[in-house]
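Breakdown of the fold
So the chains spell out like this:
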Amino acid sequence: AQSVSQHNHHVILSEAASLELGCNYSYGGTVNLFWYVQYPGQHLQLLLKYFSGDPLVKGIKGFEAEFIKSKFSFNLRKPSVQWSDTAEYFCAVNGVGKKTSYDKVIFGPGTSLSVIP
Amino acid sequence: DGGITQSPKYLFRKEGQNVTLSCEQNLNHDAMYWYRQDPGQGLRLIYYSQIVNDFQKGDIAEGYSVSREKKESFPLTVTSAQKNPTAFYLCASSISGGWVYNEQFFGPGTRLTVL
């Protein structure tokens, strides 16, 4: 069965610090990968996604993520965080198998990021 | 404004009572989904519907029921059979039911507390 793990439950950083949130998944085949963000009081929204091609994908607000197939990882990065990046971040994986039915997306448990001004 | 609305934002119910959570979208999306979000567990799929008048169980459907009589609406009923209903419930939609290349758009959620 597919599963997604995120390395940290809660991360606290000062503004301008660099960010890396870890995400690992278990699935042996082709995958689509996502990072979602939930800002306080706002809807869950897509930050970035990987389907194929360049394993380094760029998303909104200066975020990027790198897919390393050999490590089953899709870590999220940002070189310099801002207070407004305080949010909950979810990694999600969709295993692309035989298209006989809807392929579910599996979400990780989430990482809460607090950025201190 | 196009989007997904969920009501109410907060909901309290007594043990043994059924309760229905509303989800409406005006994005003209075919597919809709219900997730449950618990601390430290991420989002878990309860039910999904790829088209009107059709829906399928997700990973944790026991104690829940849905209907999809209209494209815009996908209400979720939490029944008294659900053993641990206190949670944050998220509704989502996507253009079509095929997941690949289809981003899911989420509503603001309903926090249900069973007293």
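As shown above, the structure is provided for reference.
Residues numbered from 1 in each chain as written. Chains lettered and ligands numbered in written order. Predicted model: local features only at pLDDT ≥ 70, side-chain atom pairs only at ≥ 80, totals over all residues. Heavy atoms only, no water.

Overview of the state of the cysteines
All names here are of chain B. By the definition in use, this model includes two disulfides over all chains. Across the disulfide, cysteine 23 is cross-linked to cysteine 91 (sulfur-sulfur distance 1.9 Å). As the torsion about the S-S bond is roughly -75°, the cysteine 23-cysteine 91 disulfide counts as left-handed. Separated by 68 residues along the polypeptide, cysteine 23 in strand β3 (residues 19-25) and cysteine 91 in strand β9 (residues 87-94) bring together distant segments of the chain. In terms of burial, cysteine 23 and cysteine 91 fall into one category: buried. (Disulfide = S-S within 2.5 Å. Helix = DSSP H or I, 4+ residues; strand = E, 2+ residues; numbered from the N terminus. Buried < 20%, exposed > 50% of the residue type's maximum accessible area, 1.4 Å probe, protein only.)

What to know about the layout of surface pockets
One way to see where empty space is left: roll a probe the size of a water molecule over the atoms. One number sums up the size of the largest pocket: a volume of about 540 Å³. Along the wall of the largest pocket there are 29 residues; nearest its centre are Gln38 and Glu88 of chain A together with Gln37, Phe88 and Arg111 of chain B. For the lining of the largest pocket, the elements supplying multiple residues, two or more each, are β10 (87-96) of chain A together with β4 (31-38), β9 and β11 (110-114) of chain B. Among the residues forming the lining of the largest pocket, the class breakdown is eleven nonpolar, 14 polar and four charged. (1 Å grid on protein atoms, 1.4 Å probe; cavity = no way out; pocket = protein on both sides within 12 Å on 5 of 7 lines; lining within 4 Å. Points joined across faces, edges and corners; volume = space filled by probe spheres on them. Nonpolar A, V, L, I, M, F, W, Y, C, P; charged D, E, K, R; others polar.)

Here's the deal with the nonpolar core
With 29 residues, the main nonpolar core has Leu33, Trp35, Leu48, Phe74, Leu76 and Tyr89 of chain A as its most contacted residues. Ignoring anything within four residues of it in the chain, the contact list for phenylalanine 74 of chain A reads Cys23, Leu33, Phe34, Trp35, Leu48, Tyr50, Val57, Ala65, Glu66 and Phe67 of chain A. One finds Ile46, Val78, Ala87 and Cys91 of chain B within the second-largest nonpolar core, a separate group that totals 20 residues. (Core = buried A, V, L, I, M, F, W, Y, C linked by side-chain atoms within 4.5 Å. Contact = heavy atoms within 4.5 Å.)

Considerations on a nonpolar patch on the surface
Residue and element names in this part refer to chain B. On the surface, Tyr10, Phe12 and Leu115 cluster together into a nonpolar patch covering about 390 Å² of accessible area. Within the secondary structure, phenylalanine 12 is located in strand β2 (residues 10-13). On the basis of relative accessible area, phenylalanine 12 is assigned to the exposed category, the value being 55%. (Patch = residues over 30% accessible without salt bridge, like charges linked within 9 Å, V, L, I, M, F, W, Y side chains within 5 Å. Areas by Shrake-Rupley, 256 points an atom, 1.4 Å probe, with all protein chains shown as cover. Salt bridge = Lys/Arg side-chain N within 4 Å of Asp/Glu carboxyl O.)

So, the packing of aromatic side chains
Within this structure, the stated rule accounts for twelve aromatic pairs over all chains. Look at tyrosine 36 of chain A and phenylalanine 106 of chain B: their rings are 5.6 Å apart centre to centre, the planes differ by 85°, and that puts the pair in the edge-to-face class. Separated into two different chains, tyrosine 36 of chain A in strand β5 (residues 30-38) and phenylalanine 106 of chain B in strand β10 (residues 105-106) make up a pair that spans both. The same class applies to tyrosine 36 of chain A and to phenylalanine 106 of chain B, which are both buried. Relative to tyrosine 89 of chain A, the ring of phenylalanine 63 of chain A lies with its centre 5.6 Å away and its plane at 45°, an arrangement referred to as tilted. Of the two residues, phenylalanine 63 of chain A is situated in the loop between β7 (56-58) and β8 (64-68) and tyrosine 89 of chain A in strand β10; the sequence distance between them amounts to 26 residues. (Phe/Tyr/Trp six-rings, centres within 6.5 Å; stacked < 30°, edge-to-face > 60°.)

What to know about the pattern of salt bridges
Summed over the entire model, instances satisfying the criterion amount to seven salt bridges over all chains. The salt bridge partner of aspartate 38 of chain B is arginine 36 of chain B, with a shortest N-O separation of 2.7 Å. One network of salt bridges, with partners in common, ties together Lys58, Glu64, Glu66 and Arg77 of chain A.

Observations regarding the side chain of serine 94 of chain B
Topologically, serine 94 of chain B is positioned in strand β9. Side-chain polar atoms of serine 94 of chain B contact the side chain of tyrosine 33 of chain B, separated by 2.7 Å. (Polar contact = N/O pair within 3.5 Å; in protein donor to acceptor, adjacent residues only side chain to side chain.)

Here's the deal with the sheet that holds strand β7 (residues 64-66) of chain B
Residue and element names in this part refer to chain B. As summarised here, the arrangement of the four strands in space is β1-β3-β8-β7, forming an open sheet in which the pairing is antiparallel. If you trace the sheet from one side to the other, it starts and ends with β1 (4-7) and β7, each paired once. Strand-to-strand twist across the sheet, computed as the mean angle between neighbouring axes with direction ignored, equals 20°. (Pairing = 2+ DSSP bridges. Axes fitted to C-alpha atoms, helices over the stretch in contact; angles between N-to-C directions.)

Overview of the interface of chain B and chain A
Listed by partner, the interface residues are 22 residues for chain B and 19 residues for chain A. Roughly 1900 Å² is buried in total at the junction of chain B and chain A, and carbon and sulfur atoms are behind 62% of that figure. Inspection of the chain B/chain A interface yields zero salt bridges. Between chain B and chain A we count two residue pairs in polar contact (both at pLDDT 80 or more) in total. If you tally residues by element for the side of chain B that touches chain A, the top one is strand β5 (residues 42-51) of chain B, at five residues. Residue classes in the side of chain B that touches chain A are distributed as twelve nonpolar, eight polar and two charged. (Buried area = accessible area lost by both parts, 1.4 Å probe.)

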